[in-house]
Amino acid sequence: MLWALFAGELFGTSSIDVLLVVDHPRVEEKLILRELKSIGLRVGLLNPRVSPVQIGGFSAPAVSLVRTVSMFNGLRAAAALESQDSHVVNSSYTIIACGDKAVGYAKLASAGLPIPRTYLAFSMEAAAKAFEEVGGVAVDKPPVGSWGRMVSLVRSRRLLKYIAEAREEMSGSVRGHLIQQYIETKGRDLRCLVVGDRVLGCVERVARGDWRSNVALGASARPHELSSELEELALKAAEAVQGEFISVDFLVDSSTYVNEVNGTPEFKGFMAATGVNVARKLAEHVKERLRA
Ligand SMILES: Nc1ncnc2c1ncn2[C@@H]1O[C@H](COP(=O)(O)OP(=O)(O)O)[C@@H](O)[C@H]1O
Ligand SMILES: [Mg+2]
């Protein structure tokens, strides 16, 4: 079984062009592997759950693609590969700037991008004050998470208290709160994908059976016109987190806000809706980097 293999005997030799770092391969990683190979690149696979990754002192392939489901393992593997002078897509900087929502919103805001009004709260007391600040209807999300998990629409202090109590029982990265202004989106958002300095297109994701528009929660994706405003915002957001291959999600009411940047974007819904072969574009980008 291909995915159980680690190209250990190849890794570190000049016979690999690009190292694909995966832990739980999804459709996206399989497509990326196929496209890398089909444009003639020699690919090594590394599963950091199975194989150790050396820090420093070892010569990794010129380019590495980090596609782990575990954000923290991806971050650490990216940093280790960078220490071996590999060009890592996305870099450890980008992975943490996208993977920790507090860091991400801060980077976006620093770059002058519009974000929903957002407060960071580390305790139930602070969360309650933030809830009042945003006007008594809020979105509460943990600093680290994906697929919409634990993202809650809060309309009462009592619900906020229950969420905070549950969160305090949890460990580590999901403990804190981002308390945010609720944007009246009617369960929709927009997603752009950026590779290098190009925006590949835009889809609208429409929630089904939930107020959140994550495809993982049943939302459907359909093509949406890439306006010059969206294109400009997406490129600016990518720049803000130094992202080379990222998705940028927007919430829209009468204004447009950047809600999220994702450093390991899933793109099967985007590909199906737009017909753009995202994996191919990424593979071509890697090839260009190898030539650079
Ligand atoms: N401030 C907000 N206002 C309105 N809807 C939101 C807000 N924040 C999140 N959502 C909805 O919840 C979904 C999940 O939130 P998000 O911040 O993207 O977390 P995740 O990383 O889990 O996808 C979004 O796609 C959007 O539909
Ligand atoms: Mg999201």
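### Points about the sheet that holds strand β3 (residues 63-66)
Pairing between sheet strands relies on hydrogen bonds along the backbone, with the strands arranged either parallel or antiparallel.
Moving on, step 1. As summarised here, the arrangement of the four strands in space is β2-β1-β3-β4, forming an open sheet in which the pairing is parallel. The sheet terminates laterally at β2 (43-46) and β4 (87-89), the two strands that pair on one side only. Averaged over all pairs of adjacent strands, the angle between their axes in this sheet comes to 25°, without regard to strand direction.
Moving on, step 2. The pairing of strand β1 (residues 18-21) with β3 spans four bridges and is classified as parallel. Residue V18 lies in a different strand from β3, and its bridge partner there is V63.

### Side note on the pattern of salt bridges
Think of it this way: side chains of opposite charge can pair up when their charged atoms draw near.
Moving on, step 1. For the structure on display, the rule yields 18 salt bridges.
Moving on, step 2. Measuring nitrogen to oxygen at the nearest pair gives 3.4 Å for the salt bridge that ties R157 to E132. In this pair, R157 is assigned in helix α6 (residues 157-168) and E132 in helix α5 (residues 124-133), connecting sequence segments 25 residues apart.
Moving on, step 3. Classification of R157 as partly exposed rests on a relative accessible area of 49%.
Moving on, step 4. Its relative accessible area of 43% is what places E132 among the partly exposed residues.
Moving on, step 5. Ionic pairing is found between R205 and D249, a salt bridge with its closest N-O pair at 3.4 Å. In this pair, R205 sits in strand β10 (residues 198-206) while D249 sits in strand β12 (residues 245-252), placing the two residues 44 residues apart along the sequence. For the pair formed by R205 and D249, the shared burial category is buried.
Moving on, step 6. The network of salt bridges with shared partners includes R26, E29, R67 and E266.

### Details of the site of ligand 1
Moving on, step 1. The full set close to ligand 1 counts 22 residues, and K101, K141, G148, S213 and E260 are the nearest of them.
Moving on, step 2. Measuring from a nitrogen atom of ligand 1, one finds a backbone N or O atom of I183 at 2.9 Å.
Moving on, step 3. Within the contact set of ligand 1, an oxygen atom lies 3.2 Å away from a side-chain nitrogen or oxygen of D189.
Moving on, step 4. Protein coverage of the free-state accessible area of ligand 1, which is 540 Å², stands at 99%.
Moving on, step 5. Counting residues per element, the ones that place at least two in the shell around ligand 1 are β6 (138-141), β8 (177-181) and β13 (256-262).
Moving on, step 6. Counted by class, the shell around ligand 1 contains seven nonpolar, eight polar and seven charged residues.
Moving on, step 7. Each of domain 2 (98-113 + 185-283) and domain 3 (118-181) contributes no fewer than three residues to the shell around ligand 1.

### Examining the environment of V22
Moving on, step 1. Position of V22 relative to the elements: it lies in the loop between β1 and α1 (27-38).
Moving on, step 2. With 192 residues separating them along the chain, V22 and N214 place their C-alpha atoms 22 Å apart.

### Observations regarding the domain arrangement of the chain
Moving on, step 1. Per the domain assignment, the segments making up the chain are domain 1 (2-89), domain 2 (98-113 + 185-283) and domain 3 (118-181).
Moving on, step 2. Computed over C-alpha atoms only, the centres of domain 1 and domain 2 are separated by 25 Å.
Moving on, step 3. Across the boundary between the two partners, domain 1 contributes 18 residues, which contact 15 residues of domain 2.
Moving on, step 4. Counting the surface domain 1 buries against domain 2, the share from its top three residues, E28, E35 and R67, is 35%.

### What to know about the packing of aromatic side chains
Moving on, step 1. Here the structure, examined in full by the defined rule, presents two aromatic pairs.
Moving on, step 2. With a centroid separation of 6.2 Å and 70° between ring planes, the pair formed by Y182 and W211 is classed as edge-to-face. You can see Y182 sitting in the loop between β8 and β9 (188-195) and its partner W211 sitting in the loop between β10 and β11 (220-223), a full 29 residues away along the chain.
Moving on, step 3. Plain terms: the ring middles of F245 and F267 are 6.0 Å apart, the flat faces sit at 65° to each other, and that makes the pair edge-to-face. Here F267 lies in the loop between β13 and α8 (268-274) and F245 lies in strand β12, a separation of 22 residues in the sequence.
Moving on, step 4. For F245, a relative accessible area of 2% puts it in the buried group.
Moving on, step 5. Its relative accessible area of 1% is what places F267 among the buried residues.

About the thresholds
- Throughout, a residue's number is its position along its own chain's written sequence, starting from 1.
- Chain A is the first chain written and ligand 1 is the first ligand written, with later ones labelled in order.
- A pLDDT threshold of at least 70 governs which residues receive local features in this predicted model, and a stricter bar of 80 or more applies before side-chain atom pairs are shown or counted, although totals over entire chains, interfaces and linings include all residues.
- Only hydrogens and water are set aside; all other atoms, that is, all heavy atoms of the structure, feed into the side-chain values.
- Any two strands with at least two DSSP bridges between them are considered paired.
- A run of H or I in DSSP becomes a helix once it reaches four residues, and a run of E becomes a strand once it reaches two; helices and strands are each numbered from the N terminus.
- Here, axes are lines fitted to C-alpha atoms. For helices the fit covers the stretch in contact, and angles between N-to-C directions go from 0 to 180 degrees.
- For salt bridges, the criterion is a side-chain nitrogen of Lys or Arg within 4 Å of an Asp or Glu carboxyl oxygen.
- Burial classes follow relative accessibility: with a 1.4 Å probe on protein chains only, a residue under 20% of its type's maximum area counts as buried, one over 50% as exposed, and anything between as partly exposed.
- One heavy atom suffices: a residue is near a molecule or strand as soon as one of its heavy atoms comes within 4 Å of it.
- In the analysis that follows, any N or O atom pair within 3.5 Å is treated as a polar contact, provided that within protein one partner can donate a hydrogen and the other can accept it, and provided that, for residues neighboring in sequence, both atoms belong to side chains.
- Calculation of accessible area relied on Shrake-Rupley with a 1.4 Å probe; when residues are assessed, cover is drawn exclusively from the protein chains displayed.
- Three classes are used, and their members are as follows: Ala, Val, Leu, Ile, Met, Phe, Trp, Tyr, Cys and Pro are nonpolar, Asp, Glu, Lys and Arg are charged, and the others, Gly among them, are polar.
- An automatic or database domain assignment supplies the start and end points of every domain.
- Note on contacts: a residue pair is in contact if any heavy atoms of the two residues lie within 4.5 Å.
- Two parts placed together each lose some accessible area under a 1.4 Å probe, and adding up what both lose gives the buried area.
- Classification of ring pairs rests on two measures: the distance between centres of Phe, Tyr or Trp rings, Trp counted by its six-membered ring, which must be within 6.5 Å, and the angle between planes, read as stacked under 30 degrees, edge-to-face over 60 and tilted in between.

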